[in-house]
Amino acid sequence: MSLRIACLCGKIAVDLQGSPVARANCHCASCRDFYGTSIWSAPAWQADSVRMAEGTGHVFKHPHKQLSRTFCGDCGEVLFGTNRLGMRVVPNSMVARATGGTLDAAHAPTMHLFYRHRIVDAQDDLPRYLDGWDGPTWEAS
Ligand SMILES: [Zn+2]
Ligand SMILES: [Zn+2]
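Residues numbered from 1 in each chain as written. Chains lettered and ligands numbered in written order. Predicted model: local features only at pLDDT ≥ 70, side-chain atom pairs only at ≥ 80, totals over all residues. Heavy atoms only, no water.

Draft legend 1. Representation of the pairing of strand β1 (residues 2-6). Alternating positions in β1 separate cleanly, L3 and I5 being buried on one face and S2, R4 and A6 remaining unburied on the opposite face. Bridge count for β1 against strand β2 (residues 13-17) is five bridges, and the pairing is antiparallel. Its bridge partner lying in β2, L3 is registered against L16. The turn linking β1 back onto β2 is made up of six residues, and G10 within it adopts a positive phi angle of 85 degrees. (Buried < 20%, exposed > 50% of the residue type's maximum accessible area, 1.4 Å probe, protein only. Helix = DSSP H or I, 4+ residues; strand = E, 2+ residues; numbered from the N terminus. Pairing = 2+ DSSP bridges.)

Draft legend 2. Quick look at the side chain of H62. If you trace the backbone, H62 turns up in the loop between β7 (58-61) and β8 (68-71). Overall, the relative accessible area of 18% leaves H62 in the buried class. The contacts of H62, once residues within four sequence positions are left out, are F34 and L67. (Contact = heavy atoms within 4.5 Å.)

Draft legend 3. Main features of the coordination of the zinc ion (ligand 2). Protein coordination at the zinc ion (ligand 2): the donors are C26 (SG), C28 (SG) and C31 (SG), at 2.1 to 2.3 Å from the metal. Each donor residue of the zinc ion (ligand 2) belongs to the same chain, and together they define the spacing C-x1-C-x2-C. Of the two residues, C26 and C31, both sit in the buried class. (Donors = N, O, S within 2.8 Å, 3.2 Å for Na, K, Ca; no water.)

Draft legend 4. Quick peek at the pairing of β2. Burial runs high along β2: four of the five residues are buried. Where β2 meets strand β6 (residues 50-54), four bridges bridge the pair, whose relative direction is antiparallel. Bridge pairing in β6 links A13 to E54.

Draft legend 5. Looking closely at the sheet that holds strand β9 (residues 78-82). Reading across from one edge, β5-β10-β9-β8-β7 is the order of the five strands in this open sheet, with antiparallel pairing throughout. Each edge of the sheet is formed by a strand with only one pairing partner; in this case those strands are β5 (44-45) and β7. Inspection of the sheet shows β8 paired to β9 by four bridges, in the antiparallel sense. Residue T70 lies in a different strand from β9, and its bridge partner there is F80.

Draft legend 6. Looking closely at the coordination of the zinc ion (ligand 1). Only C7 (SG), C9 (SG), C72 (SG) and C75 (SG) from the protein reach the zinc ion (ligand 1) as donors, at distances of 2.3 to 2.4 Å. Taken together, the four donor atoms surrounding the zinc ion (ligand 1) define angles of 104 to 119 degrees at the centre, an arrangement classified as tetrahedral. When the donors of the zinc ion (ligand 1) are listed by position in the chain, the intervening gaps give C-x1-C-x62-C-x2-C. Taken together, the positions of C7 in the loop between β1 and β2 and C72 in the loop between β8 and β9 put the pair 65 residues apart, joining distant regions of the chain. Residue C7 is classed as buried on the basis of its relative accessible area of 4%. (Tetrahedral: all angles 85-135°; square planar, octahedral: opposite > 155°, others 65-115°.)

Draft legend 7. Representation of the environment of P109 within the structure. Checked against the element boundaries, P109 lands in the loop between α2 (92-98) and β11 (111-113). Each C-alpha atom of the pair P109 and C26 lies 9.9 Å from the other, and the pair is 83 residues apart in sequence. Not counting the four nearest positions on each side in its chain, P109 is found in contact with R23, N25, S41, N92, L103 and L126.

Draft legend 8. A look at the sheet that holds β1. The sheet built from three strands is open, its strands ordered β1-β2-β6 with antiparallel pairing. The sheet terminates laterally at β1 and β6, the two strands that pair on one side only. On average, each strand axis in the sheet is inclined to that of its neighbour by 30 degrees, with strand direction left out of account. (Axes fitted to C-alpha atoms, helices over the stretch in contact; angles between N-to-C directions.)

See the structure below:
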């Protein structure tokens, strides 16, 4: 199974092979600041499952964290980020665009991470982990 995603201007394309390793909505401040979004909805993939297919991406490395993002130098869109584990995180917005505007079950998020740091509340019934998925979940009080 392979899915090709492309930036808005079409100069950069990336092939996704197989399935993501983890599918989370991340509420942590690092993702929020680094990607400029309230929630970073971007499944994590093994690095070799996310391959440049067309064009050359620009890479910006975080000044002091082990994060980088690969983006198009023309339209500026982020194709994927790389986290401190070396995994590539691909925005669900890109996948949805490539699949006709919807997210299929194979890509849909299954959890919220770092929910204690949220700036917007979740509107679904997925598990809400206060930090990582090896820790406790948030309970409504
Ligand atoms: Zn572009
Ligand atoms: Zn995060």
